[in-house]
Amino acid sequence: HFYKRLKNLHSILINRTLFKLKMVTVSPTNAAIEFGVLEPRESWLRSWIPFLRWTPTSPQKVKEAEENLLKYVKTESEGFYVNIGTVNGEECRIWTRKFGFKEPGRVPLVMIHGMGAGLAMFAMNFDSLAKERMVYAIDLPGFGRSSRVNFSSDPAEIEDQYTTCIEQWRKSVGLKKMNLLGHSFGGHLTALYALKYPQNINLAILADPWGMTERPSEVVPRRNIPVWVKALASVLQHFNPLWGLRASGPAGPWLVTRWRPDLIRKYEDLLGTGNSSLISEYLFHCNGHNPTGESAFHRLMTGFGWANNPMLPRMKYLDKNVEMKVLYGSNSWMTHLKENDFTEAGVEAAIGVEYIED
């Protein structure tokens, strides 16, 4: 009886896969743009036996969490997948949303989120930014609603794979030039892209960019740290940054609220009092799946949050014709650089640095 039931399950899985394939449709004007797809994909075991999920999430829940947030954005948007081919031999689809309308003479803006986030975290910005130009926002591969492809274990190759993904996305969508804005880890990738593909950049914007400077040789703590804390920290640095979120299972959304109450509060003006839990739900479901992007980010790190190959020394190779802006929030934990820091690093391109008060 067991083997008969197993055979029936196998048939059901095949039929379900065929049904999913039939649901995928492509744009009549661009074969790379796909509809009717749902990423990140789950293993068949998790898909068919939900009670095995210690982390209570699914591709459908990520979709719903994003849509619940974007209901508060007044500008209409269209969502679709862009099939960019393969990464490490795995098919890669990048979840994309397009806001506003194409304005003649206006270069579109492309927005890239940071580590552990997704495109809906820009919800407070879409309405104002889409008034004057078309705005695209993407979920990076390995994050949010995009494919959870496995990246290389080599840091240099990871950076190259991500910049190639962004370039393949640009070509697949059909953009000639773009204003590219990246926040945090997205800022790191924006700088990398500008270094490799300067001809495609109208303006590069690094918002609180991660990984600009090297880890200080000596960090003086503000207070004495117990030995056991240092020992625990030395162990935890070998884990993915958000492993605790997944390990917490059903308590994950509550943990996000406790972990970043400042972030949750920032969205109260958009969402209204009592709805800020939509942020914690969204972040939980974005990060509850196979953390391939997070693992790639972790391989680019040294210690707690420092880049093993910082960006500032590499910026001297930036094409002098590239225009770049670097934005810092007043309460950002990122190292605040000034314009003369770029000049001293040998950067010839025009780089403006702005500090934004909260």
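Residues numbered from 1 in each chain as written. Predicted model: local features only at pLDDT ≥ 70, side-chain atom pairs only at ≥ 80, totals over all residues. Heavy atoms only, no water.

J.: Please clarify how the environment of Phe143 should be interpreted in this entry.
T.: Among the secondary structure elements, Phe143 is positioned in the loop between strand 6 (135–138) and helix 5 (155–173). Owing to a relative accessible area of 2%, Phe143 belongs among the buried residues under this scheme. Phe143 sits 145 residues away from Gly288 along the chain, and the two C-alpha atoms are 9.8 Å apart. Non-local contacts of Phe143, meaning those with residues more than four positions away in its chain, are made with His113, Met115, Gly116, Ala117, Arg148, Tyr162, Phe185, Gly293 and Glu294. (Helix = DSSP H or I, 4+ residues; strand = E, 2+ residues; numbered from the N terminus. Buried < 20%, exposed > 50% of the residue type's maximum accessible area, 1.4 Å probe, protein only. Contact = heavy atoms within 4.5 Å.)

J.: Honestly, unusual backbone geometry in this entry has me stumped. Any pointers?
T.: Glycine aside, negative phi is the norm for most residues, and most peptide bonds take the trans geometry. With omega at -5°, the peptide bond leading from Glu39 into Pro40 counts as cis. Note on placement: Pro40 falls in the loop between strand 2 (33–35) and helix 2 (44–48). Positive phi, normally seen in glycine, also occurs at Ser184, with a value near 55°. Positive phi values are uncommon outside glycine, yet Asp208 reaches one of about 45°. When you line up the elements, Asp208 lands in the loop between strand 8 (201–207) and helix 7 (227–236).

J.: Where do I start with the pairing of strand 3 (residues 77–87) in this structure?
T.: Both faces of the sheet carry side chains from a regular strand, because those side chains alternate between them. One ladder, built from two bridges, connects strand 2 with strand 3; its direction is antiparallel. Directly across from Glu34, in strand 3, lies its bridge partner Tyr81. The sheet contact formed by strand 3 and strand 4 (residues 90–99) spans 10 bridges and is antiparallel. Among the inter-strand pairings, Tyr81 is bridged to a residue of strand 4, identified as Trp95. Here strand 3 hands over to strand 4 after two residues, with Asn88 in that stretch at a positive phi of 55°. (Pairing = 2+ DSSP bridges.)

J.: Teacher, can you tell me more about the sheet that holds strand 8 here?
T.: Backbone-to-backbone hydrogen bonds join strands into a sheet, with any given pair of strands oriented parallel or antiparallel. Pairing in this open sheet of 10 strands is mixed, and the strands run 1-2-3-4-6-5-7-8-11-12 from one edge to the other. With one partner strand each, in any of the chains shown, strand 1 (25–26) and strand 12 (350–356) form the two edges of the open sheet. Where strand 1 and strand 2 come together, two bridges link them in antiparallel fashion. Note on strand 2: the bridge partner recorded for Val26 is Glu34. Lying over the sheet, helix 5 contacts strand 3, strand 4, strand 5 (109–112), strand 6 and strand 7 (178–183), oriented at roughly 125° with respect to strand 3. Helix 6 (residues 185–196) rests against strand 5, strand 7, strand 8 and strand 11 (323–329) of the sheet, and its axis sits at about 145° to strand 7. (Axes fitted to C-alpha atoms, helices over the stretch in contact; angles between N-to-C directions.)

All we've got here are geometric facts, nothing functional implied.
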